[in-house]
Amino acid sequence: MLDFLTQNWWTIAIAINYILVIIAVVTILFKSINPTKTLTYIIVLLVFPFLG
C-alpha cells in the first residue's frame with residue numbers, strides 16, 4: 001500500500017484537488033452573486049488547480 005502511494009502521489013493529489021474543486025463549484029453556484037464573478041471563480045479554480 002505504501003509503495004502504491006509513493007509511486008502515485010501526484011495522481012492522488014490531483015484527484016483530491018479536483019474533488020475539492022467540484023465541491024467549491026457547487027458551493028459557488030448556489031450563492032447568489034454576479035454571474036460574471038461566478039464564472040471567473042470557476043475558471044480560476046480549474047485553470048490554477050493548487051492556487052484555488
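Check the entry above for the structure.
Residues numbered from 1 in each chain as written. Predicted model: local features only at pLDDT ≥ 70, side-chain atom pairs only at ≥ 80, totals over all residues. Heavy atoms only, no water.

K.L.:
Quick question: what am I supposed to make of the overall build of the protein chain here?
P.N.:
Summing up its helical and strand segments, the protein chain has three helices and zero strands in all. Relative to the globule expectation of 10 Å for 52 residues, the C-alpha radius of gyration of the protein chain, 14 Å, shows a markedly less compact shape. Here the C-alpha coordinates of the protein chain stretch approximately 45 × 15 × 10 Å along the principal axes. For the protein chain, the proportion of its 52 residues judged to be buried stands at 13%. Carbon and sulfur atoms make up 76% of the accessible area of the protein chain, which totals about 4400 Å². (Helix = DSSP H or I, 4+ residues; strand = E, 2+ residues; numbered from the N terminus. Rg over C-alpha atoms; globule rule 2.2 N^0.38 Å. Buried < 20%, exposed > 50% of the residue type's maximum accessible area, 1.4 Å probe, protein only. Areas by Shrake-Rupley, 256 points an atom, 1.4 Å probe, with all protein chains shown as cover.)

K.L.:
What's the story with the packing of helix H2 (residues 9-30) against helix H3 (residues 35-47) in this structure? I'm lost.
P.N.:
When two helices pack together, their arrangement is given by the angle between their axes and by how far apart the axes lie. It is the contact of H2 with H3, at a shortest axis distance of 10 Å, that shows an interaxial angle of 180°. The angle between H2 and H3 places the two elements in the roughly antiparallel class. Between H2 and H3, the contacting residues are Tyr-18, Val-21, Ala-24, Val-25, Ile-28 and Leu-29 on the first element and Thr-38, Tyr-41, Ile-42, Leu-45 and Leu-46 on the second. (Axes fitted to C-alpha atoms, helices over the stretch in contact; angles between N-to-C directions. Parallel < 35°, antiparallel > 145°, perpendicular 65-115°, else oblique. Contact = heavy atoms within 4.5 Å.)

K.L.:
Explain the nonpolar core to me, please; I cannot follow it from the model alone.
P.N.:
One broad rule of soluble globular proteins: the nonpolar side chains tend to lie buried together. Residues Val-21, Val-25, Ile-28, Ile-42 and Leu-45 constitute the largest nonpolar core, which totals five residues. It is H2 that provides the largest number of residues to this core, a total of three residues. (Core = buried A, V, L, I, M, F, W, Y, C linked by side-chain atoms within 4.5 Å.)

K.L.:
Would you mind showing me how to read the packing of aromatic side chains here?
P.N.:
Aromatic ring pairs are reported here in terms of the distance separating the ring centres and the angle at which the planes meet. Under the criterion given, the structure shown has one aromatic pair. Between the aromatic rings of Trp-9 and Trp-10, the centroid separation amounts to 5.6 Å while the plane-to-plane angle is 80°, which identifies the pairing as edge-to-face. (Phe/Tyr/Trp six-rings, centres within 6.5 Å; stacked < 30°, edge-to-face > 60°.)

K.L.:
Would you explain the side chain of Thr-38 in this entry?
P.N.:
Tracing the backbone shows Thr-38 in helix H3. In contact with Thr-38, other than residues within four places in its own chain, are Ile-28, Leu-29 and Ile-33.

K.L.:
I'm lost on H2 in this one. Help?
P.N.:
Within an α-helix, residues lying three or four positions from one another point in the same direction, as the helix has 3.6 residues per turn. The end-to-end C-alpha distance of H2 is 32 Å, a good match for the 32 Å that 22 residues give at a rise of 1.5 Å each. Here H2 has its buried residues at Asn-17, Val-21, Val-25 and Ile-28. In a view along the axis of H2, the buried residues occupy a sector of 85°, so they form one face of it. Exposed positions of H2 whose direction lies more than 90 degrees from the buried face are Trp-9, Ile-19, Leu-20, Ile-22 and Phe-30. For H2, the elements touching its buried residues are H3. (Expected span 1.5 Å × (residues − 1). Arc of directions from axis to C-beta.)

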